[in-house]
Amino acid sequence: IKAVVFDLDGTLVSSKIDFAGMKAELACILRERYGLTVSTKTTTADMVDTVLARVKGLKVSRVLTEMSVVMDRYESAALPTVSLMPGASSSLRRLKAMGLKTGVLTRGGVTYAYEALRRTGLSGLIDAVEARVDLLKAKPNPVALFNLCARLEAGPWESLVVGDHIIDLVCSRLSGACFIGFNPMGVKRSWPSGVETVDSLAEIPRLLLKSVSSLFK
C-alpha cells in the first residue's frame, strides 16, 4: 500500500449538513423543472442516475449543474458545524510517518472540502483532494478515485480507501482499490459480508502493519 484515501464527511470530519433539506429541494427541482420523480429517501448519487437515465442530450449537463449549485449551498451553510472526528489527526500523522501518501475523496464540493480541512487543521496532513466538480464524475464513479490516485502517484491497486458509506465501498471495488469500512462513533453500518471494518480511525495504521491481502475482495 502506497496511499490511504479517506472519505471526508462522517470519516475525517463530522458536520451537520441538512441532507434531508438538500434532497427535498433537489427532488422538487427535478420534479417541477424536468418532470422527474425521485424519492427524498434515496442518495444524491441515485438522483444523478435517474437524471442520466431519463434526461437526454445537452440538458444533462444543465440539470447536474443546477443540482451541484444546490448542494454547494447546503454544504456552505454547514461549515460552521464542521468538527474533527476522534482519531483523525493522529491517524493521519502516523500514516505520514510511515511514508504513506494521504488523500481525500469526497462528493462534497471543492470549496466545502478544502474549507472543512482547513477549519479542522487537517490540510497539512493531506497530499491531495478529489472533490465534486462534475457530478457525473464524482464518486462512486471510479474516475474520481483514478484522478486522485494519479495525483498521489499510486495505482488504485496500491491504495486503501477508508469510508463510512456504501458509496465508498462501491467506488473502491470499481477501481480495484482495497477498502476498510468505518463505523463512526461506534455506530455499526450494514456492510456486506467480508468487509473489514474499524470503529476508530486510530486502528487504520495498525491494520496496515498486517497483511492486506484479505482486503482485496
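The coordinates are above.
The rules behind these values
- Residues numbered from 1 in each chain as written.
- Predicted model: local features only at pLDDT ≥ 70, side-chain atom pairs only at ≥ 80, totals over all residues.
- Heavy atoms only, no water.
- Buried < 20%, exposed > 50% of the residue type's maximum accessible area, 1.4 Å probe, protein only.
- Helix = DSSP H or I, 4+ residues; strand = E, 2+ residues; numbered from the N terminus.
- Contact = heavy atoms within 4.5 Å.
- Pairing = 2+ DSSP bridges.
- Axes fitted to C-alpha atoms, helices over the stretch in contact; angles between N-to-C directions.
- Core = buried A, V, L, I, M, F, W, Y, C linked by side-chain atoms within 4.5 Å.

(A) Up close: helix α7 (residues 166-175). Those residues of α7 that fall on the buried side of the exposure criterion are Ile167, Asp168, Leu169, Cys171, Ser172 and Ser175. As for α7, its buried residues are in contact with α2 (44-54), β4 (101-109), α6 (142-152), β6 (159-163) and β7 (178-182). Positive backbone phi, approximately 85°, marks Gly176, located one or two places after α7.

(B) Main features of the sheet that holds β6. The 6 strands lie next to each other as β5-β4-β1-β6-β7-β8, forming an open sheet whose pairing is parallel. Because the sheet does not close on itself, it has two edges, and the strands there are β5 (128-132) and β8 (197-198). When β6 meets β7, the two strands line up parallel, connected through 4 bridges. Along β7, the bridge assignment pairs Val161 with Phe179. Running at roughly 160° to strand β1 (residues 3-6), helix α4 (residues 88-97) makes contact with β1 and β4 of the sheet.

(C) How the structure looks around the nonpolar core. Ranked by internal contacts, the top residues of the largest apolar core, which has 54 residues, are Val4, Leu8, Leu12, Leu30, Met67 and Ile204. The element that contributes the greatest number of residues to this core is helix α3 (residues 59-78), accounting for 8 residues. In contact with Leu8, other than residues within four places in its own chain, are Val13, Val104, Leu105, Thr106, Tyr112, Ala113, Ala116 and Leu117. Judged by nonpolar contacts, the second largest core, of 17 residues, contains Ala3, Ala128, Leu169 and Cys171.

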